[in-house]
Amino acid sequence: MAISTIDNNGVNLGQLGNRNLIINGAMQVAQRGTSVTGVTGNGYFICDRWYWDSNGSSATNSLEQSSDAPDGFAYSFKATATTAFASPASGDVRYLTYRFEGQDLQHLNFAKSTAKKVTVSFWVKTSVTGTAVLGIYQDDGALYYGKQYTVNAANTWEYKSVVVDLPTSGTVISNDNTSGLRIYFGLYSGTAYTSGSTETWGNITNWFVGQDNFSANTNDTFQITGVQLEVGDTATPFEHRSYGEELARCQRYFWAQVPKGEANGAGGNAGQYIIGDGGFLGTGQIECHVQYPVQMRASPTLQPSSGTNHFLIEASSGIDYFSNLVAFAQKKQSSLLYNSGATSGTAGEYTRVAASSVNSYVYWDAEL
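Residues numbered from 1 in each chain as written. Predicted model: local features only at pLDDT ≥ 70, side-chain atom pairs only at ≥ 80, totals over all residues. Heavy atoms only, no water.

A.B. asks: I would appreciate a short explanation of the pairing of strand β19 (residues 334–339) in the present structure.
C.D. replies: Look at any regular strand and the pattern is simple: side chains alternate between the two faces of the sheet. Taken together, the six bridges between strand β14 (residues 285–291) and β19 define a ladder with antiparallel strand orientation. Paired with I286 across the strands is N339, a residue of β19. As defined by bridge partners, strand β18 (residues 326–328) adjoins β19 across three bridges and the pair is classed as antiparallel. Within the sheet, the bridge partner assigned to V326 lies in β19 and is Y338. Turn length for the β18-β19 hairpin, with the two strands adjacent in sequence and antiparallel, is five residues, and the turn residue A329 shows positive phi of about 60 degrees. (Pairing = 2+ DSSP bridges. Helix = DSSP H or I, 4+ residues; strand = E, 2+ residues; numbered from the N terminus.)

The structure is reproduced here in structure tokens:
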């Protein structure tokens, strides 16, 4: 069989893989859960890496990882306004945010004479038509930018691409693990963010110029998936990654060691969710080691559930239940967990630590 070679002339090898700088753009991974209701505040609620964000007052929303998606995708991020928000005040704004580490963006040459163009492409579906804005914020220089796109048909999946010229002067993006750039998909905006100039890097008044209200009525919906940011002025087909690869990338920022709802068993029961192996340091105090599946962005914060019989230790001397866990010596790779409320066991005795309640969870958070 003849062996052929690839002619590299005219081929941008950087486009062949790893071109999408966004993690979980297909909304595959949702470690925290797949739906939440009554949301008025901000936070990472459902799809990993996607932050539901606002300034000022806000509509009440339900959020979900929806199975309604365009061909080629399994999921979308869906927001439904459960209360109407017809008249935002000047300082009110609502958006879906993605944050990038600065060290992942150095090849963009932001604020240099050789600054690149980037293209953001995505699928969007809303219950109303109108003008929406892709907003951008650069952390180091506190620069704002917005560019409009149009939703032409209601309740219809539409493919959009937005080309952005990065600035050629100003403050560069720091080469570290902090937030270097953020992109925003606007749902509504007050006049504090709309009185400037569109497609212009500058102050906050340039951020959402021309943004229509996509939460003006009860049950208004906004959905998005297939989000890709890549270098260049041309949108290429979405770079699909396996679920396993996408999950590992997400776990750099957040790890659901014990997902809520997956533990359901008392001591000796197969339904318990193992957290780690450890031992008694002394009478009543146990400690166990936790190794994260990937190196995290920074030393994470432990976010455990707390409640009657949420956790247990199981040792040869017996089983003890307790209500919470405490982290110690957190690092990017590992941490220790301990509890001093156990009643059985002696120093040096081996023990297994597990979650035992359906309401138990153990989260490690190093998000931007």
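A.B. asks: Please explain the sheet that holds strand β12 (residues 254–258) as it appears in this structure.
C.D. replies: Sheet strands line up and pair through hydrogen bonds in the backbone, either parallel or antiparallel. Judged by pairing direction, the sheet is antiparallel, and its three strands sit side by side in the order β12-β21-β15 without closing on themselves. Each having just a single partner strand, β12 and β15 (301–304) make up the two edges of the open sheet. Along the sheet, successive strands turn relative to each other by an average axial angle of 20 degrees, direction set aside. Sheet topology note: the β12/strand β21 (residues 362–365) ladder contains four bridges and is antiparallel. In the sheet register, W255 faces β21, and the bridge partner there is W364. (Axes fitted to C-alpha atoms, helices over the stretch in contact; angles between N-to-C directions.)

A.B. asks: Any chance you could explain the sheet that holds strand β2 (residues 50–55) here in plain terms?
C.D. replies: Strands sit in the order β2-β5-β10-β7-β8 across an open sheet of five strands; the sheet is antiparallel. Because the sheet does not close on itself, it has two edges, and the strands there are β2 and β8 (143–151). Sheet twist, expressed as the average angle between the axes of neighbouring strands with direction ignored, equals 30 degrees. As defined by bridge partners, β2 adjoins strand β5 (residues 93–101) across six bridges and the pair is classed as antiparallel. Of the residues in β5, the one forming a bridge with Y51 is T97.

A.B. asks: Mind showing me how you'd approach the environment of P237 here?
C.D. replies: Take P237: it is sitting in the loop between β11 (221–231) and α1 (243–250). When the C-alpha atoms of P237 and N217 are compared, they prove to be 34 Å apart, with 20 residues separating the residues in sequence. Beyond its immediate chain neighbours, meaning those up to four positions away, P237 contacts R19 and Q228. (Contact = heavy atoms within 4.5 Å.)

By themselves, these observations are geometric and do not establish any function.
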